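# Commentary on secondary and tertiary structure
Chain by chain, the residues run as shown.
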Amino acid sequence: MRPAIFFDLTHTLLEKVNGQYYLYSDALETLKALRERGYRLGVISNLSEEVTVDEVHSFLEECRIASFIDPHLIVLSSEHPENIKKPDKRIFDRALEKSGLVKAENKAIFVTEEHEHILAARSYGWRAILKRNWGECQPEDEDRFGSPKARLELRGQSSGQLCPENVIDRCFRST
């Protein structure tokens, strides 16, 4: 089974400013590159109880990224009767179930800007990548990449920040 990469939605792929959502300038290019490498792409998102997967898919279409996200890999807190939210293990288990994976080990990665969610995902056996939207990457970040403007420009360059494709490829190769 092909590996699956799940993104947190807000502040990872999209930025919210004054109540409006904006796609990070390099999100399309990043998703396209990962999709071309054969990764299945999904979303894990904490949303209010009334939001449905179909509504999120429509929103992704408006944002021009729905074609990169597998609609079966959209995982929402609102899908669970108790509206469980990240970092609860059950939402990560739901993502594994939807992706057809029994265990996360080296087959599932979660990308987010939330350090608490990174630690939780790792404790559940997931590979997790911290996306820094501001500041410089720190050694304690482990698998990470930097600001949206810098990350794809760094391809092939020596830097403390890594482009996401290189980080993700390394995660799936390492044991």
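Residues numbered from 1 in each chain as written. Predicted model: local features only at pLDDT ≥ 70, side-chain atom pairs only at ≥ 80, totals over all residues. Heavy atoms only, no water.

## Let's talk about the pattern of salt bridges
- Tallied over the full model, the rule gives nine salt bridges.
- One salt bridge connects E79 with K98, and the closest N-O pair in it is separated by 2.8 Å. Of this pair, E79 sits in the loop between β5 (74–76) and α3 (89–99) while K98 is found in helix α3, placing the two residues 19 residues apart along the sequence.
- Overall, E79 belongs to the partly exposed group, its relative accessible area being 30%.
- Owing to a relative accessible area of 21%, K98 belongs among the partly exposed residues under this scheme.
- With a closest N to O distance of 2.6 Å, R94 and E97 form a salt bridge. One end of the pair is R94 and the other is E97, both in helix α3 and three residues apart, which spans about a single turn.
- We classify E97 as exposed; its relative accessible area is 54%.
- Members of the salt-bridge network, linked through shared partners, are E79, R94, E97 and K98. (Salt bridge = Lys/Arg side-chain N within 4 Å of Asp/Glu carboxyl O. Helix = DSSP H or I, 4+ residues; strand = E, 2+ residues; numbered from the N terminus. Buried < 20%, exposed > 50% of the residue type's maximum accessible area, 1.4 Å probe, protein only.)

## Topic: the nonpolar core
- Ranked by size, the top nonpolar core spans 24 residues in total, and within it I5, F7, L13, L31, L41, L60 and I69 carry the most contacts.
- Among the secondary structure elements, those contributing two or more residues to this core are β1 (4–7), α1 (27–36), β4 (40–45), α2 (53–62), β5 and β6 (108–112).
- If one sorts the elements of this core by residue count, α1 sits on top with three residues.
- With 19 residues, the next largest nonpolar core counts A4, I44, V75 and I91 among its residues. (Core = buried A, V, L, I, M, F, W, Y, C linked by side-chain atoms within 4.5 Å.)

## With respect to the packing of aromatic side chains
- Across all of its chains, the model carries five aromatic pairs by this definition.
- For the ring pair F6 and W126, a centre distance of 5.7 Å and an interplane angle of 65 degrees mean the geometry is edge-to-face. Here the residue F6 occupies a position in strand β1, and W126 occupies one in the loop between α4 (115–123) and β7 (127–131), the gap between them amounting to 120 residues. Summarising the burial analysis for this pair, F6 and W126 share the class buried.
- On the numbers, 5.4 Å between centres and 75 degrees between planes, the contact of F92 with W126 is edge-to-face. Taken together, the residues span a long stretch of sequence, with F92 in helix α3 and W126 in the loop between α4 and β7 at a distance of 34 residues.
- For W126, a relative accessible area of 3% gives the class buried.
- Linked through ring pairs, F6, F92, F110, Y124 and W126 together constitute an aromatic cluster.
- When the ring centre of Y24 is taken as reference, the NZ or CZ atom of K131 above it lies at 3.6 Å. (Phe/Tyr/Trp six-rings, centres within 6.5 Å; stacked < 30°, edge-to-face > 60°. Lys NZ or Arg CZ within 6 Å of the ring centre and 35° of its normal.)

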